[in-house]
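# Results of the structural survey
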Amino acid sequence: MKIYQGIRTTQGCEVTVREDDGPPRPLAPRLDLRNHSPTGFSWAYAGSGPAQLSLALLADALGDDEQAQDFYQDFKFKVVGRLPHEGWILTEEQVRQKLTEIARGTHARGSERQA
């Protein structure tokens with residue numbers, strides 16, 4: 001299982017991922033998918049840094065770049081933008097669970113529009 005952790009330092013925001021009790025590694029920003037924030041991650045608001053974090057978290061947790069790109073903006077507004085300013089911890093399971101909730105809501109809204 002992966003555990004993601006975000007902390008604020010004097011140099012900015014750092015996000016690490018730890019897998020199965022291994023050493024933490026920096027979360028890849030995935031600028032190859034979208035370049036919202038070349039200066040780094042952020043959270044607790046809905047801007048470019050949170051967008052980059054949202055995309056990176058989803059891509060890493062899901063292992064599916066296309067699905068990450070489909071949902072990262074909703075994930076930013078509903079999860080990353082609401083994370084505590086000082087710091088946070090999310091498990092891979094929590095990321096997947098939140099995405100499932102978001103996807104259900106998106107699908108439900110789409111069904112309502114078609115009715």
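Everything below is about the structure printed above this text.
Here we summarise the structure given alongside this text. (Residues numbered from 1 in each chain as written. Predicted model: local features only at pLDDT ≥ 70, side-chain atom pairs only at ≥ 80, totals over all residues. Heavy atoms only, no water.)

## Some remarks on the sheet that holds strand S4 (residues 87-91)
The strands that make up a sheet are held in pairs by hydrogen bonds between backbone atoms, and each pair lies either parallel or antiparallel. If you walk across this open sheet you meet the four strands as S3-S2-S1-S4, and the pairing is antiparallel. Lying at the two open borders of the sheet, with one neighbouring strand each, are strand S3 (25-26) and S4. Sheet topology places strand S2 (residues 12-19) next to S3; two bridges connect them, and they run antiparallel. Along S3, the bridge assignment pairs Val17 with Arg25. In this fold helix H1 (residues 48-62) packs onto strand S1 (2-9), S2, S3 and S4, with an angle of close to 160° to the strand it touches most, S1. (Pairing = 2+ DSSP bridges. Helix = DSSP H or I, 4+ residues; strand = E, 2+ residues; numbered from the N terminus. Contact = heavy atoms within 4.5 Å. Axes fitted to C-alpha atoms, helices over the stretch in contact; angles between N-to-C directions.)

## Here's the deal with the packing of aromatic side chains
On inspection of all chains with the given rule, the structure shows one aromatic pair. Ring geometry for Trp43 versus Trp88: centroids 5.6 Å apart, planes at 90°, classification edge-to-face. In this pair, Trp43 is assigned in the loop between S3 and H1 and Trp88 in strand S4, connecting sequence segments 45 residues apart. By relative accessible area, which is 0% here, Trp43 ends up buried. Judged by relative accessible area, Trp88 falls into the buried class, the value being 6%. The lysine or arginine in question, Lys76, covers the ring of Phe77, its NZ or CZ lying 4.5 Å from the ring centre. (Phe/Tyr/Trp six-rings, centres within 6.5 Å; stacked < 30°, edge-to-face > 60°. Buried < 20%, exposed > 50% of the residue type's maximum accessible area, 1.4 Å probe, protein only. Lys NZ or Arg CZ within 6 Å of the ring centre and 35° of its normal.)

Everything listed here is a matter of geometry and, on its own, says nothing about what the molecule does.
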